[in-house]
Amino acid sequence: MAWNLGLAALPLALARSLFAPGRRPSARWWVGVVAFVALLPNAPYVLTDIIHFDDAVRASDSDLWVAFAIVPAYAALLAGGFACYVASVVRLERWLRGQGWTLPQLLGADISVHALCAVGVFLGRVFRFNSWDLLARPHDIASVLRVPEPRSVAIVALLFAVLGLGTAGLRIGLGIRVRASSDS
């Protein structure tokens, strides 16, 4: 859990550096953006770790341990990972807004980010790929993306919906709006 939460924090750390106000693109910056896009699915990936919850509960011989250790640990993992995701996306949006992007462009960026992350989470959970496999095993990744099965498309669509709706819900709850640069 700690490892996955650490991986979830990496894109947020990159976002804070890459998308700082006034930051201008350079060759090094673009390398950072590629790393950000490759690592960003690690943040929402922790949501899929819920599949281990049942095993953790079954392995425990104490209801108190479940109530006061396992449930809070999973709640912290899920909340922390998803918060890293939303904060990274918001940081990117604010930077894009500072670059003069319009509301339709920002919404397009959000949709693209959610879609890429849904595919990334799917590749990680179902095929066990890691972010670094984009460099180490690109042919293996390409081979599973060629002709997706209907079940795979459904899983990616569900992940996309969870990411999009979850992000919107958290943003509404926290009062974070998507605004174009002219709305500032």
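Let us look at the structure shown here. (Residues numbered from 1 in each chain as written. Predicted model: local features only at pLDDT ≥ 70, side-chain atom pairs only at ≥ 80, totals over all residues. Heavy atoms only, no water.)

1. Thoughts on the packing of aromatic side chains
In step 1: Taken as a whole and judged by the stated rule, the model has 9 aromatic pairs.
In step 2: Summarising the aromatic geometry, the rings of phenylalanine 19 and phenylalanine 36 are spaced 5.2 Å apart at their centres and angled 85 degrees between planes, so their arrangement reads as edge-to-face. On the criterion of sequence distance, the pair formed by phenylalanine 19 in the loop between α1 (2–18) and α2 (27–39) and phenylalanine 36 in helix α2 is long-range, its members being 17 residues apart.
In step 3: Take phenylalanine 19: its relative accessible area is 4%, and that puts it in the buried class.
In step 4: Note on phenylalanine 36: relative accessible area 2%, which makes it buried.
In step 5: Aromatic pair tryptophan 29 and tryptophan 30: ring centres 4.7 Å apart, planes at 85 degrees, arrangement edge-to-face. (Phe/Tyr/Trp six-rings, centres within 6.5 Å; stacked < 30°, edge-to-face > 60°. Helix = DSSP H or I, 4+ residues; strand = E, 2+ residues; numbered from the N terminus. Buried < 20%, exposed > 50% of the residue type's maximum accessible area, 1.4 Å probe, protein only.)

2. Comments concerning unusual backbone geometry
In step 1: One non-glycine residue, arginine 128, lies in positive phi territory at about 65 degrees.
In step 2: In this structure, arginine 128 sits in the loop between α6 (103–127) and α7 (133–136).

3. Some details on the packing of helix α5 (residues 63–98) against α6
In step 1: Following both chains from N to C, one finds α5 and α6 inclined at 145 degrees, their axes separated by 11 Å at the closest point. Regarding α5 and α6, the two cross each other, and that crossing is right-handed. Contacts from Tyr85, Val89, Leu92, Glu93, Leu96 and Arg97 in α5 reach Leu106, Ala109, Asp110, Val113, His114 and Cys117 in α6. (Axes fitted to C-alpha atoms, helices over the stretch in contact; angles between N-to-C directions. Left-handed = near helix turned anticlockwise from the far one by under 90°. Contact = heavy atoms within 4.5 Å.)

4. Considering the side chain of arginine 125
In step 1: Positionally, arginine 125 belongs in helix α6.
In step 2: A polar side-chain atom of arginine 125 sits 2.6 Å from a polar atom in the side chain of aspartate 49.
In step 3: Excluding its chain neighbours within four sequence positions, the residues that come into contact with arginine 125 are Tyr45, Thr48, Asp49, Ile51 and His52. (Polar contact = N/O pair within 3.5 Å; in protein donor to acceptor, adjacent residues only side chain to side chain.)

5. Section: the side chain of asparagine 42
In step 1: Following the sequence through the fold, asparagine 42 ends up in helix α3 (residues 42–45).
In step 2: In this structure, asparagine 42 is in contact with Leu7, Ala8 and Ser131, ignoring residues within four places of it in sequence.

6. Observations regarding the nonpolar core
In step 1: Residues Phe19, Phe36, Tyr85 and Val113 are the most contacted members of the largest nonpolar core, which totals 33 residues.
In step 2: Going through the elements one at a time, α1, α2, α3, α5, α6 and α9 (150–174) are the ones with two or more residues in this core.
In step 3: It is α5 that contributes the most residues to this core, 10 residues altogether.
In step 4: The contact partners of tyrosine 85, leaving out residues within four places of it in the chain, are Leu40, Ala43, Pro44, Val113, His114, Cys117, Leu163 and Thr167. (Core = buried A, V, L, I, M, F, W, Y, C linked by side-chain atoms within 4.5 Å.)

Everything listed here is a matter of coordinates, which is why it stays silent on function.
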